[in-house]
Amino acid sequence: MKFVVGMLAGVLLLVVVAALPSAPQQVPSPKDVVAPTIYVSLDPVGRGSAFQIAAVLKIRPGFHINAREKSEDYLIATDLRADAPAGFQLGDVSYPKGALHSFTFSKKPLNVYEDTITLRLPVTALQNAPLGAQHIPLKLRYQACSTEICLPPVTLTLDASFNVAAAAGKPVHPELFPSK
């Protein structure tokens, strides 16, 4: 009999625990929603050569960031900016096309990025580019949202590091920089 009473008490305890409201999900820091990694298309970069910088953004599951082409004026578009040091010329950042998704908080679908996306920045190392280890500072601005909340916009400071030589080396990361 004690065994049956113990089993019933155990089952009752499981039912009560299952019926309790679950703990509220912890809200992540906006900086923790996107994990950026920076890649350069040549190693080393040669003076007088054109190359690309790729910012690969891994977006946390359950979240999205607004696409570059925002679908509403009040949204904050994803933005990548770079400061060109002496000896380098920057082109315009290439942003992927977003995907339209419907959310309960918006009457119309919104243009967003999810999962993993790649932003590309064309760069030219001029003939007078300094030799050796070089850096191009980058600023990534985005606003991350889930289906329930939008986190404050954030700007991350990133760095594209590479070496410059008299002549260009070999292409690297062909999965990110397909040849034309």
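Residues numbered from 1 in each chain as written. Predicted model: local features only at pLDDT ≥ 70, side-chain atom pairs only at ≥ 80, totals over all residues. Heavy atoms only, no water.

Colleague: Would you mind going over the nonpolar core with me for this structure?
Modeller: As a rule of thumb, nonpolar side chains are buried together in soluble globular proteins. Counting residues in hydrophobic clusters, the biggest one holds 34 residues, and the most contacted among them are Phe51, Ile53 and Leu140. Of all the elements in the fold, those that place two or more residues in this core are strand 1 (34-40), strand 4 (50-59), strand 10 (116-125), strand 11 (132-142) and strand 13 (154-165). Other than its neighbours up to four places away in sequence, Ile53 contacts Ile38, Tyr39, Val40, Leu119, Arg120, Leu121, Val123, Ile136, Leu138, Ala160 and Phe177. (Core = buried A, V, L, I, M, F, W, Y, C linked by side-chain atoms within 4.5 Å. Buried < 20%, exposed > 50% of the residue type's maximum accessible area, 1.4 Å probe, protein only. Helix = DSSP H or I, 4+ residues; strand = E, 2+ residues; numbered from the N terminus. Contact = heavy atoms within 4.5 Å.)

Colleague: What exactly am I supposed to notice about the state of the cysteines here?
Modeller: Using the criterion set out here, one finds one disulfide in the structure. The disulfide bridge from Cys145 ends at Cys150, spanning 2.1 Å between sulfur atoms. Residues Cys145 and Cys150 are joined by a disulfide whose S-S torsion is about 105°; by sign, that bridge is right-handed. By relative accessible area, Cys145 is classed as buried at 2%. (Disulfide = S-S within 2.5 Å.)

Colleague: Looking at this structure, I do not really get the confidence of the model for the protein. What am I missing?
Modeller: Close inspection of predicted coordinates is inappropriate in any region flagged by low pLDDT. In the predicted model, the protein carries a mean pLDDT of 86, and the fraction of residues at 70 or more is 86%. Predicted confidence for residues 1-24 stays below pLDDT 50, and this span has zero contacts to residues more than four positions away or in other chains. (pLDDT = per-residue confidence, 0-100.)

Colleague: How should I be thinking about the pattern of salt bridges in this particular structure?
Modeller: Pairing between side chains of opposite charge can happen when their charged atoms approach one another. Per the counting criterion, the structure on display carries three salt bridges. Across the pair Glu72 and Lys108 runs a salt bridge, and its minimum N-O distance is 3.7 Å. A residue pair is termed long-range when its members are at least 10 positions apart, and Glu72 in the loop between strand 5 (64-66) and strand 6 (79-82) and Lys108 in the loop between strand 8 (99-101) and strand 9 (110-113) qualify at 36 residues. On the basis of relative accessible area, Glu72 is assigned to the partly exposed category, the value being 22%. (Salt bridge = Lys/Arg side-chain N within 4 Å of Asp/Glu carboxyl O.)

Colleague: What should I look at first to understand the sheet that holds strand 5 in this one?
Modeller: Two orientations exist for strands paired in a sheet by backbone hydrogen bonds: parallel and antiparallel. Overall, antiparallel pairing links the four strands, which are arranged 8-9-5-12 in an open sheet. Sheet topology places strand 8 and strand 12 (144-145) at the edges, where each strand pairs with a single neighbour. Strand direction decides the pairing type here: strand 5 and strand 9, joined by two bridges, are antiparallel. By the bridge assignment for strand 9, Ile65 is matched with Tyr113. (Pairing = 2+ DSSP bridges.)

Colleague: Even after reading the chapter, I still don't get the packing of aromatic side chains, so can you show me in this structure?
Modeller: The description of two aromatic rings rests on the distance between their centres and on the angle between their planes. Tallied over the entire structure, the rule returns two aromatic pairs. Between Phe51 and Phe162, the ring centres sit 5.3 Å apart and the planes meet at 55°, which makes this aromatic pair tilted. Here Phe51 is found in strand 4, whereas its partner Phe162 is found in strand 13, with 111 residues between them in sequence. Phe162 shares its class with Phe51; the two are buried. (Phe/Tyr/Trp six-rings, centres within 6.5 Å; stacked < 30°, edge-to-face > 60°.)

Colleague: Explain the environment of Val154 here, please?
Modeller: With respect to the helices, strands and loops of the structure, Val154 is situated in strand 13. C-alpha of Val154 to C-alpha of Leu140: the two residues are 14 residues apart in sequence and 8.1 Å apart in space. If we ignore the near neighbours within four places in the chain, the residues touching Val154 are Pro30, Lys31, Leu140, Arg141 and Tyr142.

Colleague: Can you walk me through the pairing of strand 4 in this structure?
Modeller: For a regular strand, side chains alternate in direction, first toward one face of the sheet and then toward the other. Within strand 4, seven of the ten residues are buried, which leaves the element mostly enclosed by the surrounding structure. With seven bridges connecting them, strand 1 and strand 4 associate as antiparallel partners. Note that in strand 4 the partner of Ala35 across the bridge is Lys58.

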